[in-house]
Amino acid sequence: MVKITLTIGIDIGGYLKFTCDDQKVAFPSIIGAPLEGWEGFATDKSWINNLVLIDEKKEYYIGELARLQSDIKHFIMDQGRLDKIDDVFKLIKAGIPLISKMDGEEIVLGIGVPLSTSIDKMKELSGKLKGEISIKIKNETTKEILTIHKVIKKVMVMPEAFGTYYYHVHKYHNLKAINALVISLDLLTEIMTIFEGRIIKNASANLTDASLFVLANKICQSLQQHTNQIIKPLSIIKNLKEKNDDIVIAGKRYNISDVKEHFIRQISQEIVDSIRKILNFLPPDAEIEYYIITGEAVPIFWNEIEMLILTNNLIEDLDRIIVVEDHIFSNAVGFELMAKKKIETE
């Protein structure tokens, strides 16, 4: 039996998140073309902010470097679907050395993808990753180049919110199945219902009109009316996540606190309205034991959503609403744990 030396959990959302034991890495899910003449950040020499993938002699800016410096870039979560599997593959390849630079290592990947991802796309991604891969990355500031080889022995691909469910039952319920509704507040919002350990597909949904991206878009539209400037939603997401309410546009400072709070209340209400509709698809005797809230946008939405769950009498006991402590990485950690479990049982 071949010994597996490493398991990595990956969550593909607005950010690509990697976990391996105590290591956690995240960068924007953006891939872009190099900017001619750009020589990197003089004061920041970190790999994660200067990451370049060299693939078939072409260079691709990855993550934060692509977000800030690429004129031509692709956000892999366009329309909430993973359509360009080649780009997803490149981003995952670029991220693996940030977790382990060891050459020749055998690894297992547990990957979470958006609920809307088709089975065919899941299989395509799994097939692309499995096997021997060569990875070459460059630090755009230091010009250091690293080349490593990995053998990916197994790849598990599942809807991302199930990672948080597994994380929760592993940590608190000794892997005993519970009936839960997971609200994943990522760049896009997903609601996943798990009943007797199984995902109930017709009681799960992607909410394309109620999410962190929608919040950013609504704020941008409001700002555009005041400034006559075109503002892209992705440009203010970092402000929202860091709770920085001052936006600088064309040299002028604008405070978004009031408009932000208005849209947070509006979007939270839409999320809870969707939960109420979803519950109608469950059997009459089915009871949701826990509402589990996770995702990058937890600090922004969870207070409002928790209050609405209670005021709409969806649950009586506040202790049954679980706000995941490690909400940014819980999906990835869950898939890492599942990958480890799979190795142990084989």
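Residues numbered from 1 in each chain as written. Predicted model: local features only at pLDDT ≥ 70, side-chain atom pairs only at ≥ 80, totals over all residues. Heavy atoms only, no water.

Draft legend 1. How the structure looks around the overall build of the chain. Helix and strand counts for the chain come out as nine helices and 18 strands. By the compact-globule yardstick of 20 Å for 346 residues, the chain fits well, its C-alpha radius of gyration being 21 Å. Along the three orthogonal principal directions, the C-alpha set of the chain runs to about 60 × 60 × 30 Å. When the 346 residues of the chain are sorted by exposure, 55% land in the buried category. Only carbon and sulfur atoms are counted for the fraction: they give 48% of the accessible area of the chain, which is about 16300 Å². A gap of 4 Å separates the mean positions of the 42 positive and 49 negative side-chain charges of the chain. (Helix = DSSP H or I, 4+ residues; strand = E, 2+ residues; numbered from the N terminus. Rg over C-alpha atoms; globule rule 2.2 N^0.38 Å. Buried < 20%, exposed > 50% of the residue type's maximum accessible area, 1.4 Å probe, protein only. Areas by Shrake-Rupley, 256 points an atom, 1.4 Å probe, with all protein chains shown as cover. Lys, Arg positive; Asp, Glu negative; His and termini not counted. Charge placed at Lys NZ, Arg CZ, Asp CG, Glu CD.)

Draft legend 2. Geometry of the nonpolar core. Among the nonpolar cores identified, the biggest contains 94 residues, and Ile8, Ile12, Ile92, Ile111, Ile183, Leu215 and Phe301 are the most heavily contacted of them. Sequence-distant contacts of Ile12, defined by excluding residues within four places in its chain, comprise Ile76, Met77, Leu82, Val88, Ile92, Ile111, Gly112, Val113, Pro114, Leu125 and Glu160. Grouped together as the second largest cluster of nonpolar side chains are 23 residues, Ala161, Tyr165, Val169 and Met338 included. (Core = buried A, V, L, I, M, F, W, Y, C linked by side-chain atoms within 4.5 Å. Contact = heavy atoms within 4.5 Å.)

Draft legend 3. Spotlight on the packing of aromatic side chains. Tallying each qualifying case throughout the model produces two aromatic pairs. Ring centres of Phe18 and Phe27 lie 5.8 Å apart, and the angle between their planes is 35 degrees; this geometry places the pair in the tilted category. The pair Phe18 / Phe27 is uniform in exposure class, with both members buried. Pairing Phe162 with Tyr165 gives two aromatic rings, centres 5.3 Å apart and planes at 40 degrees, and the pair type is tilted. With Phe162 and Tyr165 both in helix α4 (residues 161-172), this residue pair falls three residues apart, about one helical turn. Each of the two residues, Phe162 as well as Tyr165, counts as buried. Here Lys90 stacks its cationic end above the ring of Tyr60, 5.2 Å away from the centre of that ring. Note that Arg320 overlies the ring of Tyr290, its terminal NZ or CZ placed 4.9 Å from the centroid. (Phe/Tyr/Trp six-rings, centres within 6.5 Å; stacked < 30°, edge-to-face > 60°. Lys NZ or Arg CZ within 6 Å of the ring centre and 35° of its normal.)

Draft legend 4. Fine view of the pairing of strand β12 (residues 189-195). For β12, the tally of buried residues reaches seven of seven residues, placing the bulk of the element in the interior. Of the two faces of β12, the one holding Thr189, Ile191, Thr193 and Phe195 and the one holding Glu190, Met192 and Ile194 are both buried throughout. In this antiparallel pair of consecutive strands, strand β11 (residues 180-185) and β12, the connection spans three residues. Across three bridges, the pairing between β12 and strand β14 (residues 205-207) is antiparallel. Bridge assignment links Ile191 to a residue of β14, and that residue is Ala205. As defined by bridge partners, β12 adjoins strand β13 (residues 198-199) across two bridges and the pair is classed as antiparallel. Looking across to β13, one finds that Ile194 is bridged to Ile199. Counted between consecutive antiparallel strands, the loop separating β12 from β13 contains two residues, among which Glu196 sits at a positive phi close to 55 degrees. (Pairing = 2+ DSSP bridges.)

Draft legend 5. Quick look at helix α2 (residues 85-99). With 15 residues, α2 should reach 21 Å at 1.5 Å per residue; the first-to-last C-alpha distance of 21 Å fits that figure. Judged by how many residues are buried, α2 sits mostly within the fold: 14 of 15 residues are covered. (Expected span 1.5 Å × (residues − 1).)

Draft legend 6. Layout of the pattern of salt bridges. Applying the stated criterion to the full structure yields 17 salt bridges. With its nearest N and O atoms 3.6 Å apart, the salt bridge here joins Lys238 to Glu64. In this pair, Lys238 is assigned in helix α6 (residues 234-241) and Glu64 in helix α1 (residues 64-69), connecting sequence segments 174 residues apart. Take Lys238: its relative accessible area is 35%, and that puts it in the partly exposed class. Classification of Glu64 as buried rests on a relative accessible area of 9%. With a shortest N-O distance of 2.9 Å, Asp245 and Lys260 are connected by a salt bridge. Note that Asp245 is positioned in the loop between α6 and β15 (246-249) and Lys260 in helix α7 (residues 257-279), a separation of 15 residues in sequence. Asp245 sits in the buried class, given a relative accessible area of 19%. Assessed through its relative accessible area of 9%, Lys260 is described here as buried. (Salt bridge = Lys/Arg side-chain N within 4 Å of Asp/Glu carboxyl O.)

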